[in-house]
Amino acid sequence: QIYMHLRYYSSPNEQRHIVRILFIVPIYAFDSWLSLLFFTNDQYYVYFDTVRDCYEAFVIYNFLSLCYEYLGGESAIMSEIRGKPIDSALWLGHTCVVAMYWSVQSVSVCINATLQFCVVKPLMAMITVILQAFGKYRDGDFNVASGYLYVTIVYNISVSLALYALFLFYFATRELLSPYSPLLKFFMVKSVIFLSFWQGMLLAILEKCGAIPQISSPEVSVGEGTVAAGYQNFIICVEMFFAALALRHAFTYTVYVDKRLDSQGRCAPMKSISSSLKETMNPGDIVQDAIHNFSPAYQQYTQQATLEQRSGHAAARTLSAASARDNEKTLLLSSDDEF
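What counts as what
Residues numbered from 1 in each chain as written. Predicted model: local features only at pLDDT ≥ 70, side-chain atom pairs only at ≥ 80, totals over all residues. Heavy atoms only, no water. Helix = DSSP H or I, 4+ residues; strand = E, 2+ residues; numbered from the N terminus. Buried < 20%, exposed > 50% of the residue type's maximum accessible area, 1.4 Å probe, protein only. Contact = heavy atoms within 4.5 Å. Areas by Shrake-Rupley, 256 points an atom, 1.4 Å probe, with all protein chains shown as cover. Polar contact = N/O pair within 3.5 Å; in protein donor to acceptor, adjacent residues only side chain to side chain. Phe/Tyr/Trp six-rings, centres within 6.5 Å; stacked < 30°, edge-to-face > 60°. Lys NZ or Arg CZ within 6 Å of the ring centre and 35° of its normal. pLDDT = per-residue confidence, 0-100. Axes fitted to C-alpha atoms, helices over the stretch in contact; angles between N-to-C directions. Parallel < 35°, antiparallel > 145°, perpendicular 65-115°, else oblique. Left-handed = near helix turned anticlockwise from the far one by under 90°. Nonpolar A, V, L, I, M, F, W, Y, C, P; charged D, E, K, R; others polar. UniProt positions renumbered as here; feature names shortened; annotations may be inferred. Patch = residues over 30% accessible without salt bridge, like charges linked within 9 Å, V, L, I, M, F, W, Y side chains within 5 Å. Salt bridge = Lys/Arg side-chain N within 4 Å of Asp/Glu carboxyl O. Core = buried A, V, L, I, M, F, W, Y, C linked by side-chain atoms within 4.5 Å.

(A) Here's a closer look at the overall build of the protein chain. Broken down by element type, the protein chain carries 12 helices and 0 strands. Secondary structure of the protein chain in N-to-C order comes out as α-α-α-α-α-α-α-α-α-α-α-α. Out of the 339 residues belonging to the protein chain, those deemed buried represent 44%. Counted over contacts in the protein chain with a minimum sequence separation of 6, partners at least 24 positions apart contribute 74%. Split by element, the accessible area of the protein chain, about 18,400 Å² in all, is 64% carbon and sulfur.

(B) How the structure looks around the side chain of Glu56. Mapped onto the elements, Glu56 comes out in helix 4 (residues 44–71). Glu56 sits in the buried class, given a relative accessible area of 4%. Among the polar contacts made by the side chain of Glu56, one reaches the side chain of Lys121 at a distance of 3.1 Å. Aside from chain neighbours lying at most four places away, what touches Glu56 is Tyr28, Phe117, Lys121, Ile193 and Ser196.

(C) Spotlight on the packing of aromatic side chains. One pass over the structure, following the stated rule, counts 15 aromatic pairs. Between the aromatic rings of Tyr70 and Tyr180, the centroid separation amounts to 4.1 Å while the plane-to-plane angle is 10°, which identifies the pairing as stacked. Here the residue Tyr70 occupies a position in helix 4, and Tyr180 occupies one in the loop between helix 7 (147–177) and helix 8 (182–209), the gap between them amounting to 110 residues. Residue placement shows Arg52 over the ring face of Tyr28; its charged tip is 5.8 Å from the ring centre. Between the NZ or CZ atom of Lys185 and the centre of the ring of Phe251, over which it lies, the distance is 5.4 Å.

(D) How the structure looks around the confidence of the model for the protein chain. Looking at the protein chain, pLDDT values average 75 and 71% of them are 70 or higher. Per-residue pLDDT stays below 50 along residues 93–99; that stretch engages in 4 contacts with residues further than four places along the chain or on separate chains. This model gives residues 262–266 a pLDDT under 50, and the stretch forms 3 contacts once residues within four places in sequence are excluded.

(E) Representation of the environment of Trp102. Looking at the secondary structure, you find Trp102 in the loop between helix 5 (74–81) and helix 6 (104–133). In this structure the C-alpha to C-alpha distance between Trp102 and Glu80, which are 22 residues apart in sequence, comes to 9.9 Å.

(F) Representation of the packing of helix 3 (residues 24–37) against helix 9 (residues 226–250) within the structure. For the pair helix 3 and helix 9, the least separation of the axes is 9 Å and the interaxial angle reads 160°. When the interaxial angle is binned, helix 3 and helix 9 end up roughly antiparallel. The chirality of how helix 3 crosses helix 9 is left-handed. Of the residues in helix 9, those touching helix 3 at Ile24, Val25, Tyr28, Ala29, Ser32, Trp33, Ser35 and Leu36 are Gly230, Asn233, Phe234, Ile236, Cys237, Met240, Ala243, Ala244 and Leu247. Its residues assigned to classes, the contact of helix 3 with helix 9 comprises 13 nonpolar, 4 polar and no charged.

(G) Quick peek at the UniProt feature "transmembrane region" (unreviewed entry) in the protein chain. Annotation from UniProt places "transmembrane region" (unreviewed entry) at residues 21–39, 89–107, 113–135, 147–171 and 183–206. Between the C-alpha atoms that bound residues 113–135 the distance is 32 Å, and the span itself is 91% helix and 0% strand. Across residues 147–171 one finds 100% helix and 0% strand; the C-alpha atoms that close the span lie 36 Å apart.

(H) Fine view of a nonpolar patch on the surface. A cluster of nonpolar side chains, Phe30, Trp33, Leu37, Phe38 and Tyr44, forms an exposed patch at the surface whose accessible area comes to about 520 Å². A per-element tally of the nonpolar patch places helix 3 first, with 3 residues. Along the chain, Phe38 turns up in the loop between helix 3 and helix 4. On the basis of relative accessible area, Phe38 is assigned to the partly exposed category, the value being 33%.

(I) Looking closely at unusual backbone geometry. Phi angles above zero are rare outside glycine, and Ser181 is one such case at about 50°. Under the relative-accessibility criterion, Ser181 is labelled partly exposed at 48%.

(J) Local environment of the nonpolar core. Counting residues in each nonpolar core, the largest one holds 65 residues, and the members touching the most others are Ile24, Ile193, Phe194 and Phe251. With sequence-adjacent residues up to four places away left out, Ile24 is seen in contact with Tyr55, Val59, Val192, Ile193, Met240 and Leu247.

(K) Up close: the pattern of salt bridges. For the structure shown, the criterion picks out 4 salt bridges. The closest approach of N and O atoms between Arg52 and Asp31, which form a salt bridge, is 3.9 Å. Of the two residues, Arg52 is situated in helix 4 and Asp31 in helix 3; the sequence distance between them amounts to 21 residues. Its relative accessible area of 6% is what places Arg52 among the buried residues. The exposure class of Asp31 is buried, given its relative accessible area of 6%. Where salt bridges share partners, they join Asp31, Asp49 and Arg52 into one cluster.

(L) Region of interest: the environment of Val120. Tracing the chain through its elements places Val120 in helix 6. Along the primary structure Val120 and Ser158 are separated by 38 residues, whereas in three dimensions their C-alpha atoms are 7.0 Å apart. Contact partners of Val120, with chain neighbours within four places excluded, come to Val154 and Ser158.

What follows is the structure, encoded as structure tokens:
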């Protein structure tokens, strides 16, 4: 699937993100396989899992960027959904009486709430490696003196917040994304990344409760939490086969084939596979997006757009009130004429 996208690399702005997302299957599977090879060493699998954690954040970023490309960019999204009511059942913290509407600020909150996962995930992975080096981290150890408890709490908050923000973004743009089959894409990305995290945490809890037996053998010596991590890596190896099949349908390359054909139906000239892969892995777009999203100018633009929207609502209310007063005056004058 990755090869076919690179062969028919006709829409680089879209396919760049698609290829990065598809790489989650070989990276997850190979990383988990390496962890199983070094299963008897209590520390090696933690370092392998760190690579997987960092790539999870990378995939979330690329999935949001792909949605932006589908919809034509941020300005196009805002022009379509600005003023659209937010379903009160989705917006936590507000009662059904309060009317909420999509604005630049609300979309920015959803995007930032999702992108915080891209920062927290690699950061906590690095902290895990440091704690592991000092003997302060062990999978499945919920002791208050161990770093696993606190890392898990931070992960849970970050994952839950990112998942909720993605839900909001999906429900706001699902009509606009309907030509691109968004449901399967959202489901696959969220299930591979978020459900795998909760799957690993569930296995750790089961091992802590004794549901997963420890390995006691003179030839093999593993610490607490290692058996659950081994089951997690084995299950991921199996799951990636089914994920590959689903991703093949979710991010099909066939829609890009016709763009590479000339009027005679022959394959049009195209870049080499290595050149397309090099462009795909070029992090220049990531750096530009980071500068754009976190620059003071962008924050000022967001605040200005919010103020303009509020001014627009205030002007509309003033105009409505003035119209009501004019109608009242007209009724009074007509009443005097009758007398």
